[in-house]
Amino acid sequence: MRKRARTRAATGSKYERQNALSARGVLSRQVSAQRIPSGFPPEVAVAGKTGTLEGIRNEASVVTYPDGRSIAIAVFTRSLDIRARNPEADRALGEVARLAAEAIRLS
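Quantities reported herein were computed from a predicted structural model and do not represent experimental measurements.

A closer look at the overall build of the protein chain
Line of reasoning, step 1. The helix and strand inventory of the protein chain stands at three helices and three strands.
Line of reasoning, step 2. Listing every helix and strand of the protein chain by position from the N terminus yields α-α-β-β-β-α.
Line of reasoning, step 3. Taken over 107 residues, the protein chain has a buried fraction of 30%.
Line of reasoning, step 4. Intrachain contacts of the protein chain at a sequence separation of at least 6 include 42% that bridge at least 24 residues.
Line of reasoning, step 5. Counting only carbon and sulfur atoms, one obtains 59% of the accessible surface of the protein chain, whose full area is about 7200 Å².

Side note on the packing of aromatic side chains
To describe a pair of aromatic rings, one takes the distance between the centres and the angle between the planes.
Line of reasoning, step 1. By the definition in use, this model includes one aromatic pair.
Line of reasoning, step 2. When the ring centre of Tyr-65 is taken as reference, the NZ or CZ atom of Arg-105 above it lies at 3.8 Å.

What counts and what doesn't
- Starting afresh in each chain, residues are numbered from 1 along the sequence in its written order.
- Residue-level local features of this predicted model are given only where pLDDT is at least 70; pairs of side-chain atoms are given and counted only at 80 or more, and the full residue set underlies all totals for whole chains, interfaces and linings.
- Heavy atoms from the whole structure form the basis of all side-chain values; hydrogens and water molecules are not counted.
- Note on conventions: DSSP H or I runs of at least 4 residues are helices, E runs of at least 2 residues are strands, and numbering of each starts at the N terminus.
- To sort residues, take the accessible area from a 1.4 Å probe on protein chains only and compare it with the maximum for the residue type: under 20% means buried, over 50% means exposed, and anything in between is partly exposed.
- In this analysis, two residues are considered to be in contact whenever any of their non-hydrogen atoms come within 4.5 Å of each other.
- Note that accessible areas follow from Shrake-Rupley with a 1.4 Å probe, and for residues the cover is restricted to the protein chains shown.
- When the centres of two rings from Phe, Tyr and Trp lie within 6.5 Å, Trp using its six-membered ring, the rings pair. Their planes under 30 degrees apart give stacked, over 60 give edge-to-face, and anything left gives tilted.
- Each ring is checked for a lysine NZ or an arginine CZ that lies within 6 Å of its centre and within 35 degrees of its normal; such an atom marks a charge sitting over the ring.

What follows is the structure in structure tokens.
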């Protein structure tokens, strides 16, 4: 059941497939590549949305590998550092996302 829920979230059910593809198309045009995308090589497509408030830095993405397999990943963080730009934190967020995606791919 857990694997089915992950697959549906990443690819959409038959009924939802067109909407899921449309949403991923919009999200893939995100300009920011500092967070989740920073953890993946260029051949892995990342379609996501960031969220930032003082001390909070989040992103949810669908990561699609060259073999066509997609995984939905979300990373939520809180920090005492309230800078809007924090490249180290953004890279760490990408690394956490990559490690989570690799664990899911191996399961």
